[in-house]
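Results of the structural survey
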Amino acid sequence: MSNVIVLGAQWGDEGKGKIVDLFSDRFDIVARYQGGHNAGHTVFIGSTKYVLKLIPSGILRPGVKAVIGNGVVIDPAALIQEMQTLRGAGVEIGGNLLISDRAHVIFPFHRLIEKMSEARENRIPIGTTSRGIGPCYEDKIGRRGIRMADLLDRESFRLLFDTLAEDKQILAETFQLEEPVDYARIRDQYEQYADCIRPMVADTARFLNEAIRGGQRILFEGAQGTMLDIDHGTYPFVTSSSAAAGGACTGTGVAPTKIDGIVGVSKAYITRVGSGPFPSESLDEAGETIRARGNEFGAVTGRPRRCGWFDVPLLRYTATVNGFDSLIITKLDVLDELEEIPVCVAYRVDGVETSEMPATFRAMQAIEPVFENRPGWRTSTKGISRYGGLPPAARDYIQYLESRTGVEVGCVSTGPERTETMIRSGSRLEALLGLAQEGH
Ligand code: GDP
């Protein structure tokens, strides 16, 4: 029985949505452990496109339960809207969705605080999505936040809300925020949301642990990539939660001893949304080509993504902090037309070559990438679903990434659809998914 964490090995948008959706039929439960409704996943099933923001993509598989863990922050309005959109698209949502009673609640004033703090002079603009996620985590760590269980508790919610609202009013006055906020209306509205969400809220840590004891398998789904992790990412250009593998345990209440495998998802190149250091960024025509071919625009925000080349030191770093057993390379087909494919193999910082990830923002900004060019294959790989069916130069590229990063590539994706994927036989990934013994 395997419980597996699948998470992004870069800055997010690696195609985890597709991968988790694809693997989810091997699992009984898909659980999300961090982030909020800023983490868009796009999943194509046939020609139907589903954009998931907060709800784990396992919801798209009949029979699979989706769990929103305690490490996630929830905007009830966004959650209800997402449920309605999915139901409108024919997805059943009922007893198959559970929400942690310990997850923190986002309020409209969190969004205001975020805008305010981003706009202040001398603040490094992080380029957040201004959905109130960061300030909600601030309240959580500041021990004044409101959790799902509190929202549902009519006895205590009003008092907790009024205390938090008072804090925000003082802040708003201090920072001369002009935007009017009707706190009483928000409180009433949230009581209505509570009634709508109530049937799904549960002690999900208990639920997950009982499920494990009962022999069920859990897939833990990371939302943002490792380089956006609050501790291990390119701080301060990071998200406010633990996106790395360790976050799966704290964010769900499942112990590390219950995790059997950790799988990283990486593009065959790399992208980043918003500001922050990006050593292997391609600012020329090649970057434009990748953006166009890879449709590199945010699933939730529509923002164009910055594009660049596969970064070996970065991947080795994320492989170390996550302990990857296997790597999935997505979007190989996006590189199909290139004659040569640069790969960043080392960094040069202040004239010194290194393969380590620097800690400071200044040093990260100062990185000069050292590139090695690999030959392209200049033929379509779109939809190829057998490793042996890939052109030899594409296989060489995969093997090159494997040897450089020191992690097996257990799966390659060549298109957005479920079928456009290959899992390599004999890989650790195949064993983790329980495919090996079935003679897949
Ligand atoms: P996520 O948040 O990591 O799931 O990533 P996004 O959903 O933001 O972005 C991934 C995008 O790439 C989606 O539109 C997917 O449908 C698409 N995609 C995933 N795998 C592949 C692939 O192998 N090839 C191509 N061309 N597109 C892919």
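What counts and how
Residues numbered from 1 in each chain as written. Predicted model: local features only at pLDDT ≥ 70, side-chain atom pairs only at ≥ 80, totals over all residues. Heavy atoms only, no water. Near = heavy atom within 4 Å. Polar contact = N/O pair within 3.5 Å; in protein donor to acceptor, adjacent residues only side chain to side chain. Areas by Shrake-Rupley, 256 points an atom, 1.4 Å probe, with all protein chains shown as cover. Helix = DSSP H or I, 4+ residues; strand = E, 2+ residues; numbered from the N terminus. Nonpolar A, V, L, I, M, F, W, Y, C, P; charged D, E, K, R; others polar. Expected span 1.5 Å × (residues − 1). Buried < 20%, exposed > 50% of the residue type's maximum accessible area, 1.4 Å probe, protein only. Pairing = 2+ DSSP bridges. Axes fitted to C-alpha atoms, helices over the stretch in contact; angles between N-to-C directions. Lys, Arg positive; Asp, Glu negative; His and termini not counted. Salt bridge = Lys/Arg side-chain N within 4 Å of Asp/Glu carboxyl O. Contact = heavy atoms within 4.5 Å. Phe/Tyr/Trp six-rings, centres within 6.5 Å; stacked < 30°, edge-to-face > 60°. Lys NZ or Arg CZ within 6 Å of the ring centre and 35° of its normal. Core = buried A, V, L, I, M, F, W, Y, C linked by side-chain atoms within 4.5 Å. Domains from an automatic or database assignment. Buried area = accessible area lost by both parts, 1.4 Å probe.

**A closer look at the site of the ligand**
- The immediate surroundings of the ligand are formed by 17 residues, with G15, K16, G17, T42 and S413 found nearest.
- Between the ligand and G15 there is a distance of 2.8 Å, counted from an oxygen atom to a backbone nitrogen or oxygen.
- In the model, an oxygen atom of the ligand is placed 2.9 Å from a nitrogen or oxygen of the K331 main chain.
- Considered on its own, the ligand offers 590 Å² of accessible surface; in the complex 93% of this is hidden by protein.
- Listed by contribution, the elements that provide at least two residues to the shell around the ligand are α1 (16–23) and β3 (41–45).
- Residues that form the shell around the ligand fall into these classes: two nonpolar, eight polar and seven charged.

**Side note on helix α13 (residues 392–405)**
- Under the 1.5 Å per step criterion, the end-to-end length of α13 is 20 Å for 14 residues, consistent within 8% with the ideal 20 Å.
- For α13, the complete set of buried residues consists of A393, A394, Y397, I398, Y400, L401, E402 and T405.

**Let's talk about the sheet that holds strand β16 (residues 352–354)**
- Read across the sheet, three strands follow the order β16-β15-β17 without closing on themselves; strand pairing throughout is antiparallel. Taken across any chain shown, the strands that pair with only one partner, and hence form the sheet edges, are β16 and β17 (368–375). Pairwise comparison of adjacent strand axes, ignoring direction, gives a mean angle of 45° for this sheet.
- Sheet analysis places strand β15 (residues 340–349) next to β16, joined by three bridges and oriented antiparallel.

**Quick notes on the pairing of strand β7 (residues 97–100)**
- Where burial is concerned, the two faces of β7 agree: the one with L97 and I99 and the one with L98 and S100 are both buried.
- Bridge analysis of strand β5 (residues 65–68) against β7 gives three bridges, and the strand direction is parallel. Residue pairing in the sheet places V67 in a bridge with L98 of β7.
- As paired elements, β7 and strand β9 (residues 201–202) share two bridges and run parallel to each other. Looking across to β9, one finds that I99 is bridged to V201.

**Some words on the side chain of R272**
- Residue placement: R272 occurs in strand β12 (residues 270–272).
- For the buried residue R272, which engages in no salt bridge, the nearest side chain bearing the opposite charge is E281, 8.2 Å off.
- A distance of 3.2 Å separates a polar atom in the side chain of R272 from a polar atom in the side chain of T234.
- Within polar-contact distance, the side chain of R272 engages the backbone oxygen of S275 at 3.3 Å.
- If sequence neighbours within four positions are ignored, R272 has contacts with W11, L228, T234, F237, P277, F278, R305 and R306.

**Observations regarding the environment of S240**
- Structurally, S240 is set in the loop between β10 (218–225) and α9 (246–250).
- What makes S240 partly exposed here is its relative accessible area of 30%.
- Between the C-alpha atom of S240 and that of G36, which follows or precedes it by 204 residues, the distance is 9.9 Å.

**Focus on the sheet that holds β9**
- Across the sheet, which stays open at both edges, the 10 strands sit in the order β9-β7-β5-β2-β10-β1-β11-β14-β18-β19 with mixed pairing between neighbours. Both outer strands of the open sheet, β9 and β19 (421–423), are each paired with one neighbouring strand and no more.

**Describing the packing of aromatic side chains**
- Considering all chains together, one arrives at 11 aromatic pairs under this definition.
- Ring plane angle 55° and centroid distance 6.0 Å describe the contact between F109 and F161, whose orientation is recorded as tilted. Here F109 is found in helix α3 (residues 108–119), whereas its partner F161 is found in helix α6 (residues 154–174), with 52 residues between them in sequence. Exposure class is identical for F109 and F161. Each is buried.
- Three or more aromatic residues joined by ring pairs form one cluster here, namely F107, F109, F157, F161, Y183, Y190 and Y193.
- The ring of Y400 carries the charged tip of R374 above its face, separated from the ring centre by 4.0 Å.

**Considering the nonpolar core**
- Core analysis: the biggest nonpolar cluster contains 54 residues, and I5, F220, L332, L335 and Y397 have the highest contact counts within it.
- Non-local contacts of L335, meaning those with residues more than four positions away in its chain, are made with A268, Y269, W309, I341, W377 and Y397.
- With 39 residues, the next largest nonpolar core counts L54, I74, F157 and A165 among its residues.

**A short note on the domain arrangement of the protein**
- Taken domain by domain, the protein comprises domain 1 (4–101 + 203–437) and domain 2 (104–200).
- A straight line from the C-alpha centre of domain 1 to that of domain 2 covers 29 Å.
- Each side of the interface is counted separately: domain 1 has 33 residues, and domain 2 has 25 residues.
- Approximately 2400 Å² of surface area, both sides summed, lies buried where domain 1 meets domain 2, with 65% of it carried by carbon and sulfur atoms.
- It is V73, P76 and D101 in domain 1 that bury the most area against domain 2; as a group they hold 22% of the surface buried on that side.
- For the pair domain 1 and domain 2, the interface holds one salt bridge.
- For the salt bridge of R111 with D75, the shortest nitrogen-to-oxygen distance reads 3.4 Å.
- One can count seven residue pairs in polar contact (both at pLDDT 80 or more) joining domain 1 with domain 2.
- Per-element tally for the side of domain 1 that touches domain 2: the top contributor is helix α2 (residues 76–88), with six residues.

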